[in-house]
Amino acid sequence: MKVTIKNLCVLLFLLIVILTSCQTGKNKGKIWLPDKELTAIAIAPDATEREKKSANEIVEYLYKITDKKIPVKIISGKAIPDGIIAVGKLAISAGIISEDELSKVASDGYAIKINKTGGAICGYRDLGTLYGAYAFLRQSGVNFYSKDCEIINKNNNLRIAETSSFVKPHFEMRALFKLDVYFKGMVPDPKLGYTPYDDMGYPGDLGAPEERNWVHSASFLMPYRLFGKDHPEFFAMQKDGSRYKPGIGPPGHLCLSNEEMKKAGAERLLFLIDKQKERTFFVVTQGDGRSNSWCQCNLCRSLDAIAGDHMTDRLLEYVNYNARIVAKNYPGKKILTLAYTEATSRPPQRLMPEPNVMIMYCPYPPQTNCQSHDLNCPQNEVGLQELKGWIAKCPDNMYIFDYPRGYSSWYEPFGSFYATMDKLKFYSENGIKGIIQCVVPTSFTDLFIFVQGRLLWNPNADVESLIDEFFKAYYGPAAEYMREYFNFMHSEIKNRPVHQMCEGSNPELVTGQYADKALSILTKAQNSVTGDQIKLKRIDLEKFCVLWSDIDQRNTVKNNLETTLDEHIKRLGETVRIAWDMQLIQVSRKHNFKNWIREVAPLWIQAEPWYYDPAVNVFLANPENLFKL
């Protein structure tokens, strides 16, 4: 054959194709069991949705780790070929994991078994299977920190070690009570170990516009809009003898002694459970509000330990009525109720909760006035003694419904992190079985969710190591400075000391000196990740909390600046810039951002939403012009 330039080019091209193909084949990932390549994840033909999700999550994340996509196979019968991991009930039918083994990790625990040529992942129920899938992925190289922070450790030759592990969470319920008005994207993620919303009764299936108020069931089991006109006697009698109507007193309080009301409410509860048979937790509670809004009829008052004051027995009579009906029709379901405010925070004197009733004790003001210190804080003495009384009375029926954030001024730095972790230790040592948090702090939100998620499974986990691990992953090069600010904030709370209460404003933490030091640290953090928009936004949230608190207290309108005017202008500009980036609307119960900025600066914004107002762009371009005469 005659060698020409053209032939050489063709040969060179073919050589490149061959080498590229070889290289591609060489780099294609492999996933190994100890003595066999993993070829598939398998589920049973009648796998539940959670089992299907478990299998699919394993496949997707293994692909992210190794670049190899393995299939999900459906296998019926007992024969599982080598090279396959069985997920869910298939592991039981195949005899890899026994029901007896799973009974030891009830009800949210899981088993992971990997042998030399195969394996299985299965929970006591399908939710446990999902937790087991995520645990398997953590062992394989995935670290879950938050919704937008997952670290995938790439490995094109992944080897799965032989193992046999059985794990169950310390707390049987691990919930975050979500309020969309605070955090639109926050969910209790099973990846982080939390009880998902689809395991809790959802009032929306009652067609209830009150569905958002999950914890105060009176507003959706017996809504005034359905029963008020024909049955006013179902609702709380006021002191003047009239019955509750919307706009008169707090919503939702019922006449708990009324037998027809109890019967109608129980029917609606059974209807709700029938719609959601796969769910575990359902609430039967009083309406919101304190004791002066409860029913004043003689029969209700006769049920109280102290008429019109100590109303726990009254509530428990009503809750137990529902719990007995539920236990008869739906064994295994749990009924949650509240020990809340002075009306029901004290233990009952006449009654005990039914076995399927869980009491959610609320460490809430005025019994528990400080959320930045644990229950040993002198301001929490009454609450601590009440809780001890409940534990002594019914140790097997106790949950906690806690309040780790400020609900009045949403963006004040709120240092409940260590207080919450210390309380979890106390709860675990005293037999508390479930934890529900009424939202989470604005300060270091994702850190709180991550660390608490680990402690809810293992209360003895090393908190400081978890903090360091999280900061490194979440803030990258800024981790050093963010840890410095985190330590500074909590040392101020501990050493000054600062007692922050969930209800009400807490201006004492962010003094002028606090703001100066905090902003200096946070500016260093920003400078260390310049160009990384994700990490900058994470730092911005913490900085906004300091800026908002500083300017809320010290501004030109109040004429009480503790900085130079130039520094104040710089801070105000950054506050507006971050709020604009966040498209922030509400900053407190009283104020949206537009109205708040009018009160602290001579900046008049009129558009809705405020960040569309041209005046905002003018201000951000030259903040100093706002203060020129």
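Residues numbered from 1 in each chain as written. Predicted model: local features only at pLDDT ≥ 70, side-chain atom pairs only at ≥ 80, totals over all residues. Heavy atoms only, no water.

Another aspect to go through is the overall build of the protein. When helices and strands are counted, the protein shows 21 helices and 17 strands. Seen through its principal axes, the protein has C-alpha atoms that stretch 110 × 75 × 45 Å. Split into buried and exposed, the 629 residues of the protein put 55% on the buried side. Pairs at least 24 residues apart make up 71% of the contacts formed inside the protein by residues separated by at least 6 positions. For the protein, the accessible area works out to roughly 27100 Å², and carbon and sulfur atoms hold 53% of it. Separation of charge centres in the protein, based on 76 positive and 73 negative side chains, amounts to 5 Å. (Helix = DSSP H or I, 4+ residues; strand = E, 2+ residues; numbered from the N terminus. Buried < 20%, exposed > 50% of the residue type's maximum accessible area, 1.4 Å probe, protein only. Contact = heavy atoms within 4.5 Å. Areas by Shrake-Rupley, 256 points an atom, 1.4 Å probe, with all protein chains shown as cover. Lys, Arg positive; Asp, Glu negative; His and termini not counted. Charge placed at Lys NZ, Arg CZ, Asp CG, Glu CD.)

What follows is about the pairing of strand 17 (residues 434-438). Taking burial as the measure, the five residues of strand 17 include five buried ones, the bulk of the element. On strand 17, burial covers both faces: Gly434, Ile436 and Cys438 on one face and Ile435 and Gln437 on the other are all buried. Alignment of strand 12 (residues 173-177) against strand 17, held across five bridges, turns out to be parallel. Along strand 17, the bridge assignment pairs Leu176 with Gln437. Two strands pair when backbone bridges link them, and strand 16 (residues 398-402) and strand 17 are joined in this way by four bridges, in the parallel orientation. Within strand 17, the residue paired with Asp402 across the bridge is Gln437. Tracing the backbone out of strand 16, into helix 13 (residues 417-429) and back to the parallel element strand 17 gives a crossover that is right-handed. (Pairing = 2+ DSSP bridges. Right-handed = clockwise from strand over helix to strand, strands pointing away.)

Cis geometry is found at the peptide bond from Pro365 to Pro366, where omega equals 0°. Here Pro366 is to be found in the loop between strand 15 (357-361) and helix 12 (381-393). Positive phi is not limited to glycine here, since Thr341 has a value of about 60°. Among the structural elements, Thr341 can be located in helix 11 (residues 341-344). The residue Phe444 is not glycine, and still its phi comes out positive at about 55°. Residue position: Phe444 is located in the loop between strand 17 and helix 14 (445-457). The class for Phe444 is buried, based on a relative accessible area of 4%.

This brings us to the packing of helix 19 (residues 565-582) against helix 21 (residues 614-621). Relative to each other, helix 19 and helix 21 sit at 135°, their axes nearing to 10 Å. Taken together, the axes of helix 19 and helix 21 are oblique relative to one another. Pair helix 19 / helix 21 crosses with left-handed handedness. Between helix 19 and helix 21, the residues in contact are Leu572, Gly573, Val576, Arg577 and Trp580 and Val616, Asn617, Phe619 and Leu620, respectively. Considering only residue class, the contact of helix 19 with helix 21 consists of six nonpolar, two polar and one charged. (Axes fitted to C-alpha atoms, helices over the stretch in contact; angles between N-to-C directions. Parallel < 35°, antiparallel > 145°, perpendicular 65-115°, else oblique. Left-handed = near helix turned anticlockwise from the far one by under 90°. Nonpolar A, V, L, I, M, F, W, Y, C, P; charged D, E, K, R; others polar.)

Turning our attention to helix 12. Helix length check: helix 12 (13 residues) gives 18 Å between terminal C-alpha atoms against 18 Å at 1.5 Å per residue, within 8%. Residues Gly383, Leu384, Glu386, Leu387, Trp390 and Ile391 constitute the buried set of helix 12. Along the axis of helix 12, the buried residues cluster in a sector spanning 165°; they form a single face. If you follow the buried residues of helix 12, they end up packed against helix 10 (312-329), strand 14 (334-339), helix 11, strand 15, strand 16 and helix 13. (Expected span 1.5 Å × (residues − 1). Arc of directions from axis to C-beta.)

A few words on the packing of aromatic side chains. Across all of its chains, the model carries 35 aromatic pairs by this definition. Their ring planes at 90° and their centres at 5.3 Å tell us that Tyr411 and Phe544 sit as a pair that is edge-to-face. Taken together, the positions of Tyr411 in the loop between strand 16 and helix 13 and Phe544 in helix 18 (residues 533-553) put the pair 133 residues apart, joining distant regions of the chain. For the pair formed by Tyr411 and Phe544, the shared burial category is buried. Arranged with centres 5.5 Å apart and planes meeting at 45°, the rings of Phe593 and Trp596 form a pair that is tilted. Taken as a pair, Phe593 and Trp596 lie in helix 20 (residues 593-600) at a separation of three residues, close to a single helical turn. Residue Trp596 is classed as buried on the basis of its relative accessible area, which comes to 1%. Here Lys64 stacks its cationic end above the ring of Tyr61, 4.4 Å away from the centre of that ring. (Phe/Tyr/Trp six-rings, centres within 6.5 Å; stacked < 30°, edge-to-face > 60°. Lys NZ or Arg CZ within 6 Å of the ring centre and 35° of its normal.)

With 13 residues, helix 13 should cover 18 Å at 1.5 Å per step; its first-to-last C-alpha distance of 19 Å lies within 8% of that length. For helix 13, the set of buried residues is Phe417, Ala419, Thr420, Met421, Lys423, Leu424, Phe426, Tyr427 and Ser428. For helix 13, the elements touching its buried residues are helix 12, strand 16, strand 17, helix 14, helix 15 (463-475) and helix 16 (479-495). Downstream of helix 13 by one or two residues, Gly431 has phi in the positive range, about 80°.

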